[in-house]
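# Fold and geometry: a report
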Amino acid sequence: MTDSPRHVLGRFAPMIYGPTLLFALGEGAVLPLIPVIANNLGADVAVAALVASALVVGQLCGNIPAGWVVARYGERPAMVGAGFLALGAIVALALAPNLALFAASVFLIGFCAAAFGLARHSFMTTRVPLVFRARALSLLGGTFRLGMFLGPFVSAALLAIFADEHVAIWFFGVTLLGAVLLVLFGRDPEEALVAEERAARANARDAAAEDSGEAVTGSIPTLERAGVFRTMWRFRGVLGRLGLAAACLSAVRSARQVVLPLWGVSIGLDAQTIALVVGVSGAIDFALFYASGQVMDRFGRLWAALPAMLLMGAGFLALSLTHDTADPGLWFGMFAAVLGVGNGLSSGLLLTLGADSAPQDDPAPFLGSWRTLTDAGGAAAPLLVSAVTAVLSLPIAIALVGAIGLLGAAGFVRWVPRYVPRIP
């Protein structure tokens, strides 16, 4: 590194965090309206939920191809290509005359989101040193959360003005176009840092040549790209162990978004109260995103991973026992806050563990596999909650989610010390 990590992030902050914020802001505005528009196109409740899940499925399917594209062509071309492809999908989303085209467009946006996220993750893995990595990645995760948090409010304001759900889609198109233009015409942090490193090495060679009285020539060595599937096989140990613990964390996080509203409905609360409780839980979660990075960088990754998983696992287990108590609404509010604290403490953890475990010279293929695992955990959790609730009951489904959280905590205790490098 030719600069301190803080200076690098400060110089390139608009380029590093700006595209993520713009993409998340637009996505957050559209996401709540996907089931509504699907319903207007003829979908019933179950089909509308399936269409909404196409975004997650698209992202899950896009991670491994995104790893190949980023490794072969670089972060900037991958983000620009994914951005233009997503712009086409947004136009199709806004103009879709039938449900099939609408669902395919949602899937394609999720597919492109995988490339966008992985490209920035790969850059941070390569360029941010271990001692500052968790804070930088927590800030990246917090930027995404900020966009997803503000997006629905923007969408509500646009609906109040225009009274048309499609205006949120066009807003997404504007924010995405801004992100693409920022990536396309802004100063590329990867190219700038490589150029600075080459200049520093050339100066060092010149100085050595002057000291020795000889002419020194040379070039930056090129890397042999390993390929996505070869990388998956090479790192099957860490992916099958630490990766599965990370998938448990992703599952618990995803289940929280589904479980809290369902639980509120199950105990008879009105929509306003449920929204208030979920909103407070989300605010607590968002408030802690940078504190998580501070803890991981100062004390180690396990100091954030273990409390987060224990809080969420125990919180779900305890919540499952309160359905028939005298005041279930009070317990609902309290444990929603506990889950918000646990989720906030885990902010940036999946990004950081992936970056720590990845080969530092060519991280993109590994990160594609890592993100596929974690996204699979997040996608499977709502399906598991739905299936167990249908067969048994909602309290049992929530207790099962809590058990997954505790299992993930045990996995982190066992595998983080083995696979994650110690912080100097």
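Computed from a predicted structure; not experimentally measured.

## What about the packing of helix 14 (residues 302-319) against helix 15 (residues 328-345)?
Between helix 14 and helix 15, whose axes approach to 8 Å, the crossing angle comes to 160 degrees. It follows from the interaxial angle that helix 14 and helix 15 lie roughly antiparallel. The two elements helix 14 and helix 15 cross, and the hand of that crossing is left-handed. Only Trp331, Phe332, Phe335, Val338, Leu339, Val341, Gly342, Asn343 and Leu345 of helix 15 make contact with helix 14, whose side of the interface consists of Ala304, Pro307, Ala308, Leu311, Met312, Gly315, Phe316, Ala318 and Leu319. Grouping the amino acids of the contact of helix 14 with helix 15 by side-chain chemistry returns 15 nonpolar, 3 polar and no charged.

## Concerning the side chain of arginine 145
With respect to the element layout, arginine 145 can be found in helix 7 (residues 130-162). In this structure, arginine 145 is in contact with Arg253, Asp285, Phe286, Asn343, Gly344 and Ser347, ignoring residues within four places of it in sequence.

## Notes on the pattern of salt bridges
Under the counting rule described, the total for this entry stands at 4 salt bridges. Across the salt bridge formed by arginine 301 and aspartate 297, the nearest N and O atoms sit 3.2 Å from each other. Both residues of the pair, arginine 301 and aspartate 297, belong to the buried class. Between aspartate 356 and arginine 301 there is a salt bridge, with the nearest N and O atoms lying 2.7 Å from each other. Here arginine 301 lies in the loop between helix 13 (289-299) and helix 14 and aspartate 356 lies in helix 16 (residues 349-357), a separation of 55 residues in the sequence.

## Let's talk about the confidence of the model for the chain
In the predicted model, the chain carries a mean pLDDT of 79, and 83% of its residues have values of at least 70. Averaged pLDDT values for the elements of the chain fall to 54 in helix 9 (residues 189-212) and rise to 91 in helix 14. In this model, residues 214-225 is a region of pLDDT below 50 whose contacts with residues beyond four sequence positions or in other chains number 11 contacts.

## Examining unusual backbone geometry
A positive phi is found at alanine 163, a non-glycine position, where the angle reads about 55 degrees. Tracing the backbone shows alanine 163 in the loop between helix 7 and helix 8 (166-185). Residue classification places alanine 163 among the exposed residues on the basis of a relative accessible area of 67%.

What counts, and where the lines are drawn
Residues numbered from 1 in each chain as written. Predicted model: local features only at pLDDT ≥ 70, side-chain atom pairs only at ≥ 80, totals over all residues. Heavy atoms only, no water. Axes fitted to C-alpha atoms, helices over the stretch in contact; angles between N-to-C directions. Helix = DSSP H or I, 4+ residues; strand = E, 2+ residues; numbered from the N terminus. Parallel < 35°, antiparallel > 145°, perpendicular 65-115°, else oblique. Left-handed = near helix turned anticlockwise from the far one by under 90°. Contact = heavy atoms within 4.5 Å. Nonpolar A, V, L, I, M, F, W, Y, C, P; charged D, E, K, R; others polar. Salt bridge = Lys/Arg side-chain N within 4 Å of Asp/Glu carboxyl O. Buried < 20%, exposed > 50% of the residue type's maximum accessible area, 1.4 Å probe, protein only. pLDDT = per-residue confidence, 0-100.

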